[in-house]
Amino acid sequence: MTDQAVHVAPAETAEPARNGPHTPLLSVRNLVQEYVTRGPGGIKTGVVHAVSDVSFDLMPGETLGIVGETGSGKSTLARAVIQVETPKSGTVRFQGRDLVGMSKREITKVRADMQMVYQDPFGSLNPRWRVADVIAEPLLGHTSMTREQRAERVDELLDLVGLRPETYRHRRPLELSGGQAQRVAIARAVAPGPSLIICDEATSSLDVLIRAQVLNLFEKLREEFNLAYMFIAHDLATVKRVSDRVAVMHLGQLAESGPVEQIYAAPRHPYTRALLDSVPVLDTMTGVVKRPVALPGEPPSPLNPPSGCRFRTRCPRAEDLCAQEEPVRTRVSDRHTVACHFPLTPA
Amino acid sequence: MRSGARLATMSGMLNATREPAATSNGAAGPILVVDDLRVTFSRHGRVVHAVNGLSYQVRPGRTLAIIGESGSGKSVSVRALMGLLPPSAHIEGSARLDGTELVGLDDKSWRAVRGCQIAMVFQDPASSLNPTMSIGAQLIEAIRMHAPLKRREAAQKAIDLLKLVRLPSPEKRLKQFPHQLSGGMRQRVVIAIALSSDPKLLIADEATTALDVTTQAQIMELLVDIQERLGMAVIMISHDLSLAACYAHEVLVMYAGKAVEHAETRNLFSNVRMPYTKALLDAIPQLSTPAHLQPAIVGGHPPDLSALPEGCAFLPRCPSSTEQCRIEPHLAEHEPEHAYACWHPVSRDGSCTGQKEERP
Ligand SMILES: Nc1ncnc2c1ncn2[C@@H]1O[C@H](COP(=O)(O)OP(=O)(O)OP(=O)(O)O)[C@@H](O)[C@H]1O
Ligand SMILES: Nc1ncnc2c1ncn2[C@@H]1O[C@H](COP(=O)(O)OP(=O)(O)O)[C@@H](O)[C@H]1O
Ligand code: SF4
Ligand code: SF4
Ligand SMILES: [Mg+2]
Ligand SMILES: [Mg+2]
């Protein structure tokens with residue numbers, strides 16, 4: 001491990017060699033997504049820089065937490081990875097194949113292996129269907145199961161997510177609580193036997209106890225099926241509970257990424273520091289609290305990001321250089337990268 | 001017109017000198033005294049017991065946090081104080097604000113109390129602002145609702161209020177519409193409207209839940225600052241125990257419409273006694289706990305409020321329950337300044353007296 005800054009371009013070429021036993025499951029390189037905003041009459045008024053040059057790798061069975069403020073591009077990144085929207089540029093290699101530019105039919109096949117769970121469980125479940133049909137649907141396209149085998153598999157899945165099959169298989173989504181509906185959405189995602197699940201704020205709308213149960217469920221599924229996750233949430237403590245590594249997004253870019261324990265204990269990017277300092281802390285053993293320290297100012301607009309470092313308008317360490325030059329992602333230690341001209345020194 | 005109308009009145013707060021803010025050492029008497037408050041809703045012949053005998057007091061300059069799971073009656077209990085419940089709600093008990101009984105007030109008296117004495121900030125700033133009216137128009141309408149000010153005077157007050165909530169370039173904001181502001185800025189405007197009435201009590205119902213953690217920290221800092229300057233009493237409702245612990249002087253934990261534990265914040269969290277509070281604490285993810293920790297979590301659901309069982313409402317989910325729990329435990333100060341309702345409080349070191357396991 002070295003503190004010496006080493007430039008990596010493109011990011012994370014320091015990954016273990018391809019095709020070895022440590023081949024990444026997912027390998028994202030230089031991903032860019034932009035949206036054109038239009039005013040009345042369809043006149044172009046600007047370009048939203050939603051994701052700008054994002055690169056990362058995800059190993060089988062590994063969980064990458066993704067944190068950042070609203071609008072930092074987390075959901076856009078997820079949509080580009082799963083090819084709900086085609087990215088403007090960049091590559092998304094999944095199981096060794098580039099998904100960008102694949103035909104719709106091929107993508108549909110890949111989706112058996114790459115599933116998504118959203119924040120609003122009700123929004124992703126057809127209200128007219130019964131729970132059993134909701135979960136069975138992804139099995140129809142991808143497997144040659146008989147009807148009985150499918151019914152059996154649905155019951156297994158319900159059991160797995162902690163819902164008693166006899167009680168729940170005939171219910172409709174609106175007859176479920178938020179936590180139960182999210183479990184159904186998870187059972188549906190797990191049904192085709194994926195190797196990657198992308199969770200976009202999947203526990204954000206749940207109550208504390210239910211949220212903790214669903215987090216435990218994600219962990220159990222990971223252990224059981226060697227699942228990998230991209231776990232997107234704006235709540236840093238929730239992300240820590242399930243992640244191996246964490247990527248901190250700021251205005252479409254990766255500010256910092258690396259092992260979760262290391263980054264939470266000694267963040268190197270001032271933005272990561274600010275996010276962590278914003279979290280209210282209660283030590284549940286002693287009752288001692290730590291009040292948040294507020295980061296002053298508003299996040300800049302993604303329509304017109306600041307020159308140089310996009311965090312400079314709020315950064316307490318900013319200097320002239322920060323306005324002139326965009327900081328390059330730099331490796332500070334094994335699998336830990338930071339994009340900052342003046343990174344914090346580890347305590 | 002939405003919140004503006006609800007929250008409005010102006011009594012010259014910004015210029016008038018107020019009595020010095022009461023300090024938190026308890027010198028001032030309570031501004032709000034809630035006593036055995038009960039709220040039921042009747043629906044299709046079923047009676048939903050949303051609030052079941054809630055009692056607490058809040059003093060000027062102090063913050064009370066009400067925490068608990070979804071559906072435990074937090075919002076209903078404070079909406080009852082604001083006269084914001086639908087006609088299907090039946091309210092019993094007493095809630096006195098500065099001596100005025102709020103339960104059973106007629107509509108006209110409500111308008112006088114609501115707005116000029118209590119104001120409320122809700123979770124979703126977007127839905128408490130009118131999207132078709134400019135910020136200035138909404139603020140000025142709120143200001144002029146009860147104070148006989150000329151437009152120009154009201155406009156000046158509006159600017160002062162926006163400065164008070166530290167909205168950047170307030171003059172410019174007056175002409176803008178809600179959608180032109182970020183979520184955090186919208187919540188500042190909502191707070192400005194709430195403050196336009198110089199309230200003695202501010203109720204913040206999940207006021208920062210929809211915001212980023214960075215914005216939440218800013219808004220909480222603002223609320224604390226304003227509270228100290230104006231000496232307001234604050235009730236904050238939150239799902240987030242850590243947030244409540246950081247900002248409240250006192251914490252009240254609700255379960256199934258009742259207070260189950262209530263104490264000074266430090267006292268409560270350093271010495272949790274009620275198994276339900278303990279269950280909540282065990283469940284919250286913390287920055288400091290190691291990754292991949294899988295704590296045992298209390299299962300089950302809160303009880304059906306239209307068919308509350310006899311005895312302790314937490315019984316079906318409680319890891320420490322015994323036969324005795326079929327008799328309802330009452331909230332009482334079993335220890336100095338620390339009230340809880342439980343026959344078998346968790347032990348001082350924080351461990352449960354019963355065994356913990358995940359229940360289906
Ligand atoms: N208008 C109504 N008619 C019937 N029942 C209601 C009504 N409003 C609320 N309730 C019920 O009263 C109970 C308490 O609701 P309340 O909104 O106070 O919960 P809460 O603690 O604020 O929850 P959350 O954390 O989800 O905001 C719930 O069971 C709810 O379904
Ligand atoms: N379809 C779209 N059209 C225009 N702008 C969009 C679209 N989707 C996302 N954006 C913008 O892209 C940025 C990133 O958004 P998003 O990925 O949703 O952020 P996050 O999930 O981190 O909150 C935001 O500024 C958002 O407003
Ligand atoms: S590059 Fe400069 S402005 Fe950006 S985070 Fe580092 S110190 Fe701050
Ligand atoms: S009274 Fe009994 S059931 Fe209720 S919380 Fe205490 S131990 Fe549990
Ligand atoms: Mg999102
Ligand atoms: Mg509520």
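Parameters at a glance
Residues numbered from 1 in each chain as written. Chains lettered and ligands numbered in written order. Predicted model: local features only at pLDDT ≥ 70, side-chain atom pairs only at ≥ 80, totals over all residues. Heavy atoms only, no water. Near = heavy atom within 4 Å. Nonpolar A, V, L, I, M, F, W, Y, C, P; charged D, E, K, R; others polar. Contact = heavy atoms within 4.5 Å. Buried area = accessible area lost by both parts, 1.4 Å probe. Salt bridge = Lys/Arg side-chain N within 4 Å of Asp/Glu carboxyl O. Polar contact = N/O pair within 3.5 Å; in protein donor to acceptor, adjacent residues only side chain to side chain. Helix = DSSP H or I, 4+ residues; strand = E, 2+ residues; numbered from the N terminus. Buried < 20%, exposed > 50% of the residue type's maximum accessible area, 1.4 Å probe, protein only. Pairing = 2+ DSSP bridges. Right-handed = clockwise from strand over helix to strand, strands pointing away.

A. Region of interest: the site of ligand 3. Taken together, 13 residues lie near ligand 3, and A:C309, A:C315, A:C322, A:C340 and A:H341 sit nearest. Here the residues of the shell around ligand 3 are counted per class, giving 9 nonpolar, 2 polar and 2 charged.

B. Looking closely at the interface of chain B and chain A. Listed per partner, the contact involves 48 residues of chain B and 50 residues of chain A. Summed over both sides, the interface between chain B and chain A buries roughly 4200 Å², with carbon and sulfur atoms accounting for 56% of that surface. Linking chain B with chain A are 0 salt bridges, by the criterion used here. Remark: the boundary between chain B and chain A carries 23 residue pairs in polar contact (both at pLDDT 80 or more). Mapped onto the side of chain B that touches chain A, the elements with two or more residues apiece are α9 (213–230), α10 (241–247), α11 (265–270) and α12 (275–283) of chain B. Of all the elements, α9(B) adds the most residues to the side of chain B that touches chain A, at 7 residues. Its residues assigned to classes, the side of chain B that touches chain A shows 24 nonpolar, 15 polar and 9 charged.

C. Representation of unusual backbone geometry within the structure. All names here are of chain A. The phi torsion at D53 lies on the positive side, around 60°, for a residue other than glycine. One can find D53 in strand β3 (residues 44–58). One non-glycine residue with positive phi stands out, namely Q83, at about 65°. With respect to the element layout, Q83 can be found in the loop between α1 (74–81) and β5 (89–94).

D. Examining the pairing of strand β8 (residues 233–238) of chain B more closely. All names here are of chain B. Within β8, 6 of the 6 residues are buried, leaving the element largely enclosed by the surrounding structure. Neither face of β8 is open: one carries A233, I235 and I237, the other V234, M236 and S238, and all of them are buried. For strand β3 (residues 63–67) and β8, the ladder comprises 5 bridges, and the chain directions are parallel. Bridge pairing in β8 places I67 opposite S238. Of the pairings in the sheet, the one linking strand β7 (residues 201–205) to β8 comprises 5 bridges and is parallel in character. The residue bridging L202 from the neighbouring strand is V234, located in β8. For the handedness criterion, the β-α-β arrangement of β7, α9 and β8 is classed as right-handed.

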